[in-house]
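Here are the chains, one letter per residue:
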Amino acid sequence: MAFRTGVRPLTPTPGASASVGLGCAPIGNLYSDVDEGAAEATVVTALERGIRFFDTAPHYGAGVSERRLGHALRGVDRDTVSIATKVGRVIVDDDGEAAPIGGTGSSTVGDLSADGVLRSVEGSLLRLGTDRIDLLHLHDPADIDEALRGAVPALVRLREEGVVRAIGAGMVWVEPLTRLVLEADLDVVMIAGRTTLLDRSAEATLLPAAAERGVGVIAAGVYNSGILADPDGSPYFDYREASPELRERALRMREICEDQGVTLPEAAARYPLRLPAVEAVVIGARTPAEVAAFPDTERDDIPEGLWSALDAL
């Protein structure tokens, strides 16, 4: 499996999925603190499972996620892994001043200028301890017009210069991401939470546009913040407590899956890969146990009738 520029989500190994990447926001202390040892062990466990695609960003922990990922990958043959990171936000300190290049800070602020992109990439390369980035995303741009004027041309130039192998954009919003697919020369886009069993809003416009333009799609947020992983223990949808209606639908989906010998997380992770243009899913983890519990997205014995039963909901 390869995006049009040859960036592979994974380098398959026996028994490993070729379509799952590790989302590294959690090891950047998303929601709760993760110690250094647990963060490194999480990445190492992913490598042991055959995962070779890692998605991070300066925004995740204001540089902490990138630094931890780079440390964990130290000594790993660089040609065997693909690293995605992002631009569009710059790291600042407690006073709102730009943090030193390659350092960490306390937060990030939006910056869609060409200079902001170049500064961000320079810092990412230092934190990751690498000389190149395989996939560089524009991260949640608030103003698409501004992004098309400043950040996107800078991304294209970085690709032409070989600093990055592929460029893309990552968002939770379907309409502006569809516009970027149509108006920018992107290789890949990442859509979060909109190609799921509960929210299929990307299927009407984004996925057809990506398929027509030859743009690869990565599906993130496949559990919609937790409800599709564990409707009882983590009944959250889009980072908020799920409504009773959504929770009831998720519980019913779980029943349907279990009746056919499939877990709800397996179905949730597999579903986007059935869609046109979707080439990989990214699943976040903060502990080795969470990585070990990743579903097998290439399981070949899922009953076809399961999908029609879930569609009916």
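Each remark here, short or long, concerns the structure printed above.
Cut-offs applied
Residues numbered from 1 in each chain as written. Predicted model: local features only at pLDDT ≥ 70, side-chain atom pairs only at ≥ 80, totals over all residues. Heavy atoms only, no water. Helix = DSSP H or I, 4+ residues; strand = E, 2+ residues; numbered from the N terminus. Rg over C-alpha atoms; globule rule 2.2 N^0.38 Å. Buried < 20%, exposed > 50% of the residue type's maximum accessible area, 1.4 Å probe, protein only. Contact = heavy atoms within 4.5 Å. Areas by Shrake-Rupley, 256 points an atom, 1.4 Å probe, with all protein chains shown as cover. Lys, Arg positive; Asp, Glu negative; His and termini not counted. Charge placed at Lys NZ, Arg CZ, Asp CG, Glu CD. Axes fitted to C-alpha atoms, helices over the stretch in contact; angles between N-to-C directions. Parallel < 35°, antiparallel > 145°, perpendicular 65-115°, else oblique. Nonpolar A, V, L, I, M, F, W, Y, C, P; charged D, E, K, R; others polar. Expected span 1.5 Å × (residues − 1). Pairing = 2+ DSSP bridges. Right-handed = clockwise from strand over helix to strand, strands pointing away. Core = buried A, V, L, I, M, F, W, Y, C linked by side-chain atoms within 4.5 Å. Salt bridge = Lys/Arg side-chain N within 4 Å of Asp/Glu carboxyl O. Phe/Tyr/Trp six-rings, centres within 6.5 Å; stacked < 30°, edge-to-face > 60°. Arc of directions from axis to C-beta. Patch = residues over 30% accessible without salt bridge, like charges linked within 9 Å, V, L, I, M, F, W, Y side chains within 5 Å. Polar contact = N/O pair within 3.5 Å; in protein donor to acceptor, adjacent residues only side chain to side chain.

> Quick one: what's the story with the overall build of the protein chain, residue by residue and with numbers?
Looking only at helices and strands, the protein chain has 11 helices and 12 strands in total. Computed over its C-alpha atoms, the radius of gyration of the protein chain comes to 19 Å, within 12% of the 20 Å expected for a compact globule of 313 residues. When the 313 residues of the protein chain are sorted by exposure, 54% land in the buried category. In the protein chain, once contacts between residues fewer than 6 apart in sequence are set aside, the share between residues at least 24 apart is 70%. Of the roughly 13000 Å² of accessible surface on the protein chain, a fraction of 49% belongs to carbon and sulfur atoms. Across the protein chain, 30 positive and 49 negative side-chain charges occur, with their mean positions spaced 2 Å apart.

> Give me the lowdown on the packing of helix 2 (residues 64-72) against helix 3 (residues 114-128), citing residues and values where you can.
Put simply, helix 2 and helix 3 touch, their axes get as near as 7 Å, and they point 40° apart. By the criterion of interaxial angle, the relationship of helix 2 to helix 3 is oblique. Contact residues: helix 2 offers Glu66, Arg67, Leu69 and Gly70, while helix 3 offers Ser124, Arg127 and Leu128. For the contact of helix 2 with helix 3, a count of residues per class yields two nonpolar, two polar and three charged.

> Please set out helix 3 residue by residue, giving values where relevant.
A rise of 1.5 Å per residue sets the reference length of helix 3, with its 15 residues, at 21 Å; its end C-alpha atoms lie 21 Å apart and thus fit the reference within 8%. Buried residues of helix 3: Gly116, Val117, Ser120, Val121, Gly123, Ser124, Leu125, Arg127 and Leu128, and no others. On its buried side, helix 3 packs onto helix 2, strand 3 (82-87), strand 4 (89-92), strand 6 (133-139) and helix 5 (151-161). Just beyond helix 3, the residue with positive phi is glycine 129, at close to 65°.

> Could you give an account of the pairing of strand 1 (residues 20-23), with specific residues and numbers?
Side chains Val20 and Leu22 project from strand 1 onto one buried face, and the interleaved Gly21 and Gly23 project onto a second face that is buried too. Pairing of strand 1 with strand 2 (residues 53-55) involves two bridges; the strand directions are parallel. Bridge pairing links leucine 22 to phenylalanine 54 in strand 2. Handedness of the β-α-β unit built from strand 1, helix 1 (residues 36-48) and strand 2 comes out right-handed.

> Any chance you could break down the nonpolar core for me, citing the residues and the numbers?
Counting residues in each nonpolar core, the largest one holds 84 residues, and the members touching the most others are Leu22, Phe54 and Leu197. With six residues, helix 5 is the largest single contributor of residues to this core. Residues Phe53, Ala84, Met190 and Ala220 belong to the second largest nonpolar core, which totals 10 residues.

> Can you break down the pattern of salt bridges residue by residue, with the values?
On inspection of all chains with the given rule, the structure shows 21 salt bridges. The partner of lysine 86 in a salt bridge is aspartate 55, and the shortest N-O contact between them spans 2.8 Å. Of this pair, lysine 86 sits in strand 3 while aspartate 55 is found in strand 2, placing the two residues 31 residues apart along the sequence. Summarising the burial analysis for this pair, lysine 86 and aspartate 55 share the class buried. Measuring nitrogen to oxygen at the nearest pair gives 2.7 Å for the salt bridge that ties aspartate 185 to arginine 159. Here arginine 159 lies in helix 5 and aspartate 185 lies in the loop between helix 6 (174-183) and strand 8 (188-192), a separation of 26 residues in the sequence.

> Could you give an account of the packing of aromatic side chains, with specific residues and numbers?
The relation between two aromatic rings is expressed through the spacing of the ring centres and the mutual angle of the planes. On inspection of all chains with the given rule, the structure shows two aromatic pairs. Between the aromatic rings of tyrosine 31 and tyrosine 239, the centroid separation amounts to 6.3 Å while the plane-to-plane angle is 45°, which identifies the pairing as tilted. Of this pair, tyrosine 31 sits in the loop between strand 1 and helix 1 while tyrosine 239 sits in the loop between strand 10 (236-237) and strand 11 (240-241), and the two are 208 residues apart along the sequence. Note on accessibility: tyrosine 31 and tyrosine 239 belong to one class, exposed. For the ring pair tyrosine 271 and tryptophan 307, a centre distance of 6.3 Å and an interplane angle of 40° mean the geometry is tilted. Here tyrosine 271 is found in the loop between helix 9 (264-270) and strand 12 (278-284), whereas its partner tryptophan 307 is found in helix 11 (residues 304-311), with 36 residues between them in sequence.

> Can you explain helix 11? Please cite residues and give values.
When helix 11 is considered as a whole, its buried residues turn out to be Leu306, Trp307 and Leu310. When helix 11 is viewed along its axis, its buried side chains cluster within an angular range of 95° and face the same direction. In this structure, the buried side of helix 11 is in contact with helix 8 (244-259) and helix 9.

> I'd love a proper account of a nonpolar patch on the surface, names of residues and values included.
Judged by side-chain polarity, Leu30, Tyr31 and Tyr239 come together as a nonpolar surface patch covering roughly 380 Å² of accessible area. A relative accessible area of 59% places tyrosine 31 in the exposed class.

> Help me get a handle on the side chain of threonine 130, residues and values and all.
Structurally, the position occupied by threonine 130 is in the loop between helix 3 and strand 6. Residue classification places threonine 130 among the buried residues on the basis of a relative accessible area of 14%. From its side chain, threonine 130 meets the backbone oxygen of arginine 132 in a polar contact 3.2 Å long. If we ignore the near neighbours within four places in the chain, the residues touching threonine 130 are Arg78 and Leu125.

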